[in-house]
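An overview of the molecular structure
The chain contents come next:
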Amino acid sequence: MIAAAGWIAAFAAAAWLLRMRSALHWRTELVARACHELRRPVTAARLGVELGCRNGTLGSEALKAIDLELTSAGVALEDLNAALAGRHGPWRPGVVDVTALIGESFEAFRPLAHARGIELDLQWRGEPRVVPADRIRLAQATGNLIANAIEHGHGDVQLRGAARDDGGVEIEVADRGPGLPAPIENLLTRPRGPRGHGLVIAAEIARRHGGQLAATTDDQGSRISLSLPGHGG
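Just so it is clear, the model here is predicted, and its values are computed rather than measured. (Residues numbered from 1 in each chain as written. Predicted model: local features only at pLDDT ≥ 70, side-chain atom pairs only at ≥ 80, totals over all residues. Heavy atoms only, no water.)

The final tally for this structure, using the stated rule, is 10 salt bridges. A salt bridge links Arg135 to Glu104; the shortest N-O distance between them is 2.6 Å. Of this pair, Arg135 sits in helix α4 (residues 135-152) while Glu104 sits in helix α3 (residues 98-115), placing them 31 residues apart in sequence. Here the residues in one salt-bridge network are Arg160, Glu172, Asp218 and Arg223, joined through shared partners. (Salt bridge = Lys/Arg side-chain N within 4 Å of Asp/Glu carboxyl O. Helix = DSSP H or I, 4+ residues; strand = E, 2+ residues; numbered from the N terminus.)

To continue, consider the sheet that holds strand β7 (residues 221-228). What the 5 strands build is an open sheet, ordered β2-β4-β5-β7-β6; its pairing is mixed. The sheet terminates laterally at β2 (120-125) and β6 (212-218), the two strands that pair on one side only. Ignoring strand direction, the axes of neighbouring strands in this sheet form an average angle of 15°. Pairing between β2 and strand β4 (residues 157-163): 6 bridges, direction parallel. (Pairing = 2+ DSSP bridges. Axes fitted to C-alpha atoms, helices over the stretch in contact; angles between N-to-C directions.)

As a further point, take the nonpolar core. Core analysis: the biggest nonpolar cluster contains 44 residues, and Phe109, Leu138, Leu145, Ile150, Leu213 and Leu226 have the highest contact counts within it. Ranked by the residues each element gives to this core, the list is headed by α4, at 9 residues. (Core = buried A, V, L, I, M, F, W, Y, C linked by side-chain atoms within 4.5 Å. Buried < 20%, exposed > 50% of the residue type's maximum accessible area, 1.4 Å probe, protein only.)

Attention now goes to the side chain of Ser222. With respect to the helices, strands and loops of the structure, Ser222 is situated in strand β7. Here Ser222 falls in the buried class, since its relative accessible area comes to 3%. If we ignore the near neighbours within four places in the chain, the residues touching Ser222 are Val173, Ala174, Asp175, Gly177, Gly179, Thr216 and Thr217. (Contact = heavy atoms within 4.5 Å.)

The subject of this paragraph is the packing of α3 against α4. Taken N-terminus to C-terminus, the directions of α3 and α4 make an angle of 40°; their axes are 10 Å apart at the nearest point. Classified by chirality, the crossing of α4 by α3 is right-handed. Residues Val98, Leu101, Glu104, Ser105, Phe109, Leu112 and Ala113 of α3 form the contact with α4, whose participating residues are Arg135, Leu138, Ala139, Thr142, Gly143, Ile146, Ala147, Ile150 and Glu151. Residues belonging to the contact of α3 with α4 are distributed by class as follows: 10 nonpolar, 3 polar and 3 charged. (Left-handed = near helix turned anticlockwise from the far one by under 90°. Nonpolar A, V, L, I, M, F, W, Y, C, P; charged D, E, K, R; others polar.)

With that settled, the discussion passes to the packing of aromatic side chains. Going through the model one piece at a time under the given rule, you end up with 0 aromatic pairs. Sitting above the plane of the Trp91 ring, Arg208 keeps its charged end 4.1 Å from the centroid. (Phe/Tyr/Trp six-rings, centres within 6.5 Å; stacked < 30°, edge-to-face > 60°. Lys NZ or Arg CZ within 6 Å of the ring centre and 35° of its normal.)

Glancing now at the layout of surface pockets. A probe matching the size of a water molecule, rolled over the atoms, marks out where space remains unfilled. As a volume, the largest pocket reaches approximately 330 Å³. Taken together, 21 residues form the lining of the largest pocket, with Leu51, Thr57, Glu107, Arg110 and Pro111 sitting closest to its centre. Mapped onto the lining of the largest pocket, the elements with two or more residues apiece are α1 (2-55), α2 (60-84) and α3. When the residues that make up the lining of the largest pocket are grouped by side-chain class, the tally is 10 nonpolar, 7 polar and 4 charged. (1 Å grid on protein atoms, 1.4 Å probe; cavity = no way out; pocket = protein on both sides within 12 Å on 5 of 7 lines; lining within 4 Å. Points joined across faces, edges and corners; volume = space filled by probe spheres on them.)

All right, on to α3 then. Given 3.6 residues per helical turn, the α-helix brings residues three or four places apart onto the same face. Across its 18 residues, α3 extends 26 Å between first and last C-alpha, which sits within 8% of the 26 Å expected from 1.5 Å per residue. For α3, the complete set of buried residues consists of Val98, Leu101, Ile102, Gly103, Glu104, Ser105, Phe106, Ala108, Phe109, Pro111, Leu112 and Ala113. Between the side-chain oxygen of the N-cap and the backbone nitrogen of Thr99 there are 3.1 Å, and the N-cap of α3 in question is Asp97. Positioned one or two residues after α3, Gly117 has a phi angle of 70°, which is positive. (Expected span 1.5 Å × (residues − 1). Polar contact = N/O pair within 3.5 Å; in protein donor to acceptor, adjacent residues only side chain to side chain.)

Okay, here's the thing in structure tokens:
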């Protein structure tokens, strides 16, 4: 009986340690993501202000883009506080003009591209499109994809948006690089290297909006696309 009780206690202790280890890993991952999300918009906003002041081009469009990134930084701080408490940060569902949003993201990351000698191009195909979404979370996703391509891709970067026939939208970021170091599914389950956190965040945001993240590579380069359903999708 004593031996049996000892084994039961040992198994219970081991199970408790595993649960604590899992909880700590989850909380650490949330903190890492929040810190990642804080660095990116602050860098984009700082470069935007510097470039605008230097060139005298700090107009309304640039200010809107800077405001978007500073708002994203504020949400990242909320996420960090939530992560330290062991929970996810808040979401604010609404209705988002995706055409306007990717235009602001384009303006926000042009200074980063400029600083690295990269041309950032914007294209939109189809009618302007509005979808149900959290505006800042969607900006986080597009910002991560653009920043990843600028910082870790090759050559110039294209930001493309399209209104789909089913009412949804497709947002694609392309560069001339060889693509991801592993299949995107592997990177989403086990983040590797500098691109890992940004892709995980973008994929989770797409999923929570009922969409998905996909990656393709061919002789033209690498493309990562984020698709979102429209109203009723």
